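Survey of secondary and tertiary structure
Residues per chain, in single letters:
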There are 2 protein chains.
Amino acid sequence: MLFTGIGELVTNDPAVGDGSMLGIVRDAAVVVGDGRVLWVGPALGAPDADSRIDLGGRAVVPGFVDCHSHLVFAGDRAAEFAARMAGTPYDGGGIATTVAATRAASDAGLRGLLARRVAEMRAQGTTTVEIKSGYGLTVDDERRALRLAGEVTAETTFLGAHVVPAGADRDAYVRLVVGPMLAACAPHARWIDVFCEPASPHAFDADEARVVLEAGRAAGLGVRVHGNQLAAGPGVALAVELGAASVDHCTHLTGADVEALAGSDTVATLLPGVEFCTRSPYPDARRLLSAGVTVALATDCNPGTNCSSSMPLMIALAVREMGMTPAEALWAATAGAARALRRSDIGVVAPGCRADLAVLDAPGHLHLAYRPGVPIAAALEV
Amino acid sequence: MLFTGIGELVTNDPAVGDGSMLGIVRDAAVVVGDGRVLWVGPALGAPDADSRIDLGGRAVVPGFVDCHSHLVFAGDRAAEFAARMAGTPYDGGGIATTVAATRAASDAGLRGLLARRVAEMRAQGTTTVEIKSGYGLTVDDERRALRLAGEVTAETTFLGAHVVPAGADRDAYVRLVVGPMLAACAPHARWIDVFCEPASPHAFDADEARVVLEAGRAAGLGVRVHGNQLAAGPGVALAVELGAASVDHCTHLTGADVEALAGSDTVATLLPGVEFCTRSPYPDARRLLSAGVTVALATDCNPGTNCSSSMPLMIALAVREMGMTPAEALWAATAGAARALRRSDIGVVAPGCRADLAVLDAPGHLHLAYRPGVPIAAALEV
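1. Some points on the domain arrangement of chain A
Residue and element names in this part refer to chain A.
- Per the domain assignment, the segments of chain A are domain 1 (2-63 + 347-379) and domain 2 (64-340).
- Centre-to-centre, using C-alpha coordinates, domain 1 lies 29 Å away from domain 2.
- Each side of the interface is counted separately: domain 1 has 19 residues, and domain 2 has 20 residues.
- Between domain 1 and domain 2, a total of about 1,500 Å² is buried, with carbon and sulfur atoms accounting for 74% of that surface.
- Here domain 1 and domain 2 share three residue pairs in polar contact (both at pLDDT 80 or more) between them.
- Sorting elements by how many residues they give to the side of domain 1 that touches domain 2 places strand S16 (residues 377-379) first, with three residues.

2. Examining the side chain of Thr128(B)
Residue and element names in this part refer to chain B.
- Position of Thr128 among the secondary structure elements: in strand S7 (residues 126-129).
- Owing to a relative accessible area of 8%, Thr128 belongs among the buried residues under this scheme.
- Leave out the neighbours within four places in its chain, and Thr128 touches Phe64, Val65, Asp66, Glu155, Leu341, Ile346 and Asp356.

3. Section: the pattern of salt bridges
- Taken as a whole and assessed by the stated rule, the structure comprises 48 salt bridges over all chains.
- For the salt bridge of Asp107(B) with Arg147(B), the shortest nitrogen-to-oxygen distance reads 3.3 Å. A residue pair is termed long-range when its members are at least 10 positions apart, and Asp107(B) in helix H3 (residues 107-122) and Arg147(B) in helix H4 (residues 139-150) qualify at 40 residues.
- Overall, the relative accessible area of 33% leaves Arg147(B) in the partly exposed class.
- Salt bridges sharing common partners tie together Glu130(A), Lys132(A), Asp193(A) and Arg224(A).

4. Quick look at the environment of Val60(A)
Residue and element names in this part refer to chain A.
- Take Val60: it is sitting in strand S5 (residues 59-62).
- By relative accessible area, which is 1% here, Val60 ends up buried.
- For the pair Val60 and Val30, spaced 30 residues apart in sequence, the C-alpha separation works out to 9.5 Å.

5. With respect to the sheet that holds strand S14 (residues 295-297) of chain B
Residues and elements named next belong to chain B.
- In spatial order, the strands read S8-S9-S10-S11-S12-S13-S14; together these seven strands make up an open sheet with parallel pairing. The sheet is open, and its two borders are formed by strand S8 (131-132) and S14, each paired with just one other strand.
- Here strand S12 (residues 246-249) runs beside strand S13 (residues 267-270); their pairing, made up of three bridges, is parallel. Residue pairing across strands places Asp248 opposite Thr269, the latter belonging to S13.
- On top of the sheet, H4 reaches S8 and strand S9 (156-161); it is set at about 165° to S9, its chief contact.

6. Regarding the interface of chain A and chain B
- Each side of the interface is counted separately: chain A has 40 residues, and chain B has 40 residues.
- When residues of chain A are sorted by the area they lose upon contact with chain B, Phe276(A), Arg320(A) and Tyr370(A) head the list and together hold 25% of the total.
- Connecting chain A to chain B are four salt bridges.
- With a closest N to O distance of 3.0 Å, Asp361(A) and Arg116(B) form a salt bridge.
- Between chain A and chain B we count 26 residue pairs in polar contact (both at pLDDT 80 or more) in total.
- At the level of secondary structure, the elements contributing two or more residues to the side of chain A that touches chain B comprise helix H1 (78-85), helix H3 (107-122), helix H9 (272-278), helix H11 (311-321) and helix H13 (367-370) of chain A.
- If one sorts the elements of the side of chain A that touches chain B by residue count, H11(A) sits on top with six residues.
- Residues that form the side of chain A that touches chain B fall into these classes: 23 nonpolar, seven polar and 10 charged.

7. With respect to the nonpolar core
- Formed by 174 residues in total, the largest nonpolar core has its most connected members in Leu297(A) and Leu297(B).
- Formed by 16 residues, the second largest nonpolar core is a distinct cluster that contains Val37(A), Leu55(A), Val60(A) and Leu357(A).

8. What to know about the side chain of Ser133(B)
All names here are of chain B.
- Looking at the secondary structure, you find Ser133 in the loop between S8 and H4.
- Take Ser133: its relative accessible area is 1%, and that puts it in the buried class.
- Side chain to side chain, Ser133 and Glu142 meet in a polar contact 2.5 Å long.
- A distance of 2.8 Å separates a polar side-chain atom of Ser133 from the backbone nitrogen of Leu159.
- Non-local contacts of Ser133, meaning those with residues more than four positions away in its chain, are made with His70, Glu142, Ala145, Leu146, Thr157, Phe158, Leu159 and Gly160.

Conventions used here
- Residues numbered from 1 in each chain as written.
- Chains lettered and ligands numbered in written order.
- Predicted model: local features only at pLDDT ≥ 70, side-chain atom pairs only at ≥ 80, totals over all residues.
- Heavy atoms only, no water.
- Domains from an automatic or database assignment.
- Contact = heavy atoms within 4.5 Å.
- Buried area = accessible area lost by both parts, 1.4 Å probe.
- Polar contact = N/O pair within 3.5 Å; in protein donor to acceptor, adjacent residues only side chain to side chain.
- Helix = DSSP H or I, 4+ residues; strand = E, 2+ residues; numbered from the N terminus.
- Buried < 20%, exposed > 50% of the residue type's maximum accessible area, 1.4 Å probe, protein only.
- Salt bridge = Lys/Arg side-chain N within 4 Å of Asp/Glu carboxyl O.
- Pairing = 2+ DSSP bridges.
- Axes fitted to C-alpha atoms, helices over the stretch in contact; angles between N-to-C directions.
- Nonpolar A, V, L, I, M, F, W, Y, C, P; charged D, E, K, R; others polar.
- Core = buried A, V, L, I, M, F, W, Y, C linked by side-chain atoms within 4.5 Å.

Structural data, given as structure tokens:
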């Protein structure tokens, strides 16, 4: 299948097109087949194909890679959001509300919610989504969340260490997570994650987080960390030390944190929807980029701290609030997020990669930040 | 036609439902016919109707009233936006770029762009849009803009005094605006407007603005003002003095401005998309509301300072950045904006009003702010 009439094609391959980080080809075409990209280049040189779709000058970009979400949940917390906007501070305690609603939901109910949320994301241009557990917090409920998540994505993350359940003994809960819960969940997960945030009484300190992550790594899972969201803390250092693929939030960083990230393969995944929806100061992406850190953008879509599934809004916020250029923000939402998942087959449009593309109802990628809130992006159905 | 299964109906009629400013009815139904609302109330008491549509628990709100836009334009200024995000300040000078592109466009070209933009707005829940001229700046080009705008809305605004055209003599241009341009445009316009902003070398000072507005009023047009966008200035005081329906932007206000607005029927229309897209400080809606001023929200959709057509994003920004509650923001985007157009037949869902409704893919109106960037709102086709 040949897609032609692409006014601007962002490949994220600096070896083609204009030679920029986005590898932009104007008046481009893409040939796809069997779910893979077969050919990329100027429309004038495109090979023949069985079918041909003219995109009328629209832009095409790599499908967004939302490398941080919590889509397996029931209920919503819109009222908590409204209260927070009226001044109630966020400390992670509201997670218990979602845990109760999620445990009470049926498999079919959760499956329907998940399908709807993934479809909503695709309709906004997201073609890969990472999904965490973490609203079960029992062996059976965490395993169920990962089993259901695995039906819609390969990027599943065991987050039994999301919070200490209300009333539970901290040490006993950590033992449960690294013992029977990990054993039950590891077959359904690619990653392990922990909410390492000593500033929250509900989350885990550095020692607890290390125990969880090392156990997950020993069970064959890749490492990710929620860190440095509410205050500077040990999350980033621990993530780098353990070779995590990504440390997520990074809202409060010391100079040593930035230096550690710059000297590592750990991606800093920024989640500006959280700062938007909790009315918190935004992370300083410019500082990270200037230091040479690889930055990713994701939504963190969850019922508590950001219920937006919109990667275009994350791009617009990164440009407005975090000092990123539109090109840097788009790269971070695609290629950067792919790196945060240690994937080289997505986030780039090149022969052999997955045919995961987003089409913009716009002449170029700048419109993602230039037209905030307008639903101009959608996954290209191939 | 009966719409039933409405999980939450926002009527903006405090005489019904929960008695709040939003007049919320749960498990509601609405009967519409001939483009008007015929009946509103609990679904259990709904009358029979020829056809019946079950909205499956979704929320319904008054269609958004976007009382400030500049939709008659050609070209875009995405590159100027990107440059501004990299540090170039905004002073109104880029308008000349759009003037050149708009003059060069054909009627058919502009008509196509307008139709597409109005459709894009409807798809996001906007059922009334005010459209200004102001990218023509010649007698023929301004008249053409208003003629085309009048094909898609009754709310047309003559904004010949948008900027002084490049190279023109200020006094001569004001004479043109109040003379032959007004004579040509008044038959196609409901309102007159002026960009009263002494802080911009391209805009108009208080004396010039007064001349323009008084001439428009004498020609039978209602008065609106662009004021206090870039700095505190004379716009608000002039608007109140002349009985303007609305003064728009209100980003920089003195205590006297707030007091004058509070003692008047002039609505303060806030345009947070502009502050988002120019990286400027947001207006203080809380201060205005506390003083008793009627506040409206609109997009200002235009190619230079905010190319977003999303009223839901304006609501989310008002809540995040301007101290409004979700209820106040929704009211401002509907009933408040209707007042800014001196309309009582829109912005409220009550018998006799226009059947201008928006349906939310959500259980309640809080989701407009709780799920920023997600396209959950759409005009309800009746």
